[in-house]
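Structure assessment
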Amino acid sequence: NAGVTQTPKFRVLKTGQSMTLLCAQDMNHEYMYWYRQDPGMGLRLIHYSVGEGTTAKGEVPDGYNVSRLKKQNFLLGLESAAPSQTSVYFCASSWQNEQYFGPGTRLTVT
Amino acid sequence: GQQVMQIPQYQHVQEGEDFTTYCNSSTTLSNIQWYKQRPGGHPVFLIQLVKSGEVKKQKRLTFQFGEAKKNSSLHITATQTTDVGTYFCAAIKRGNKLTFGGGTRVLVKP
């Protein structure tokens with residue numbers, strides 16, 4: 001099992017550009033999450049999903065959109081990137097409360 | 001909203017010494033989890049505490065949940081260089097959502 005994978009690992013965007021981060025899990029988990037982690041800080045929840053076809057806002061959803069068309073995939077979109085969105089993005093899936101994290105995507109917006 | 005505070009933010013430890021990191025909440029928690037993130041890595045689940053006063057051990061790590069379920073601690077004995085990383089506590093909210101503390105970054109002096 002690959003667990004939770006994230007694509008891409010690194011990306012540099014210019015202000016105003018758009019992109020999609022892909023998260024995939026092969027553990028058949030219902031719950032999936034997107035977090036961002038900024039230097040010296042904990043993880044903040046952006047959006048989450050409790051099952052295929054459902055999404056909900058977390059604590060910092062502004063500027064992001066998500067989709068969960070297939071159970072194993074959870075996509076995070078940035079429509080118009082801003083420097084404030086420079087961060088490390090982690091995807092996670094969960095089973096019985098324990099969350100399994102992907103390796104992260106380091107995004108820089110210039 | 002629910003806030004989880006961790007202290008200290010940084011912990012410099014001499015190899016072989018013990019230390020404790022604390023997690024505090026202003027509200028009663030249903031349960032609490034601890035994660036470890038190695039430098040450049042992703043958070044990895046360590047343990048979940050559910051019961052008031054619960055104590056769990058994993059080798060040199062001792063986790064405790066307070067009697068009032070408003071605080072938790074992680075105690076590491078005989079610190080080793082492999083203990084380097086950031087330790088996060090996280091409180092579980094409805095929908096399996098986690099609220100993370102800011103983390104304690106542990107640096108070990110050989």
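Structure shown above.
Residues numbered from 1 in each chain as written. Chains lettered and ligands numbered in written order. Predicted model: local features only at pLDDT ≥ 70, side-chain atom pairs only at ≥ 80, totals over all residues. Heavy atoms only, no water.

All right, on to the sheet that holds strand β7 (residues 64-67) of chain A then. Residue and element names in this part refer to chain A. The four strands lie next to each other as β1-β3-β8-β7, forming an open sheet whose pairing is antiparallel. Looking at strand neighbours, the two that pair on one side only are β1 (4-7) and β7, the edges of this open sheet. The sheet shows a mean angle of 20° between the axes of neighbouring strands, taken without regard to direction. Note: β7 against strand β8 (residues 73-78), four bridges, orientation antiparallel. In the sheet register, Tyr64 faces β8, and the bridge partner there is Leu78. (Pairing = 2+ DSSP bridges. Helix = DSSP H or I, 4+ residues; strand = E, 2+ residues; numbered from the N terminus. Axes fitted to C-alpha atoms, helices over the stretch in contact; angles between N-to-C directions.)

Here we take up the state of the cysteines. Counted according to the given criterion, the structure contains two disulfides over all chains. There is a disulfide in this structure between Cys23 of chain A and Cys91 of chain A, and the S-S distance comes to 1.8 Å. Judged by the torsion about the S-S bond (-75°), the Cys23 of chain A/Cys91 of chain A disulfide is left-handed. Placement of the pair is Cys23 of chain A in strand β3 (residues 19-25) and Cys91 of chain A in strand β9 (residues 87-95), with a sequence separation of 68 residues. The same class applies to Cys23 of chain A and to Cys91 of chain A, which are both buried. The disulfide partner of Cys23 of chain B is Cys89 of chain B, and the gap between their sulfur atoms is 2.0 Å. Residues Cys23 of chain B and Cys89 of chain B are joined by a disulfide whose S-S torsion is about 75°; by sign, that bridge is right-handed. With Cys23 of chain B in strand β3 (residues 19-25) and Cys89 of chain B in strand β9 (residues 85-93), the pair connects residues that are 66 residues apart, well separated along the chain. (Disulfide = S-S within 2.5 Å. Buried < 20%, exposed > 50% of the residue type's maximum accessible area, 1.4 Å probe, protein only.)

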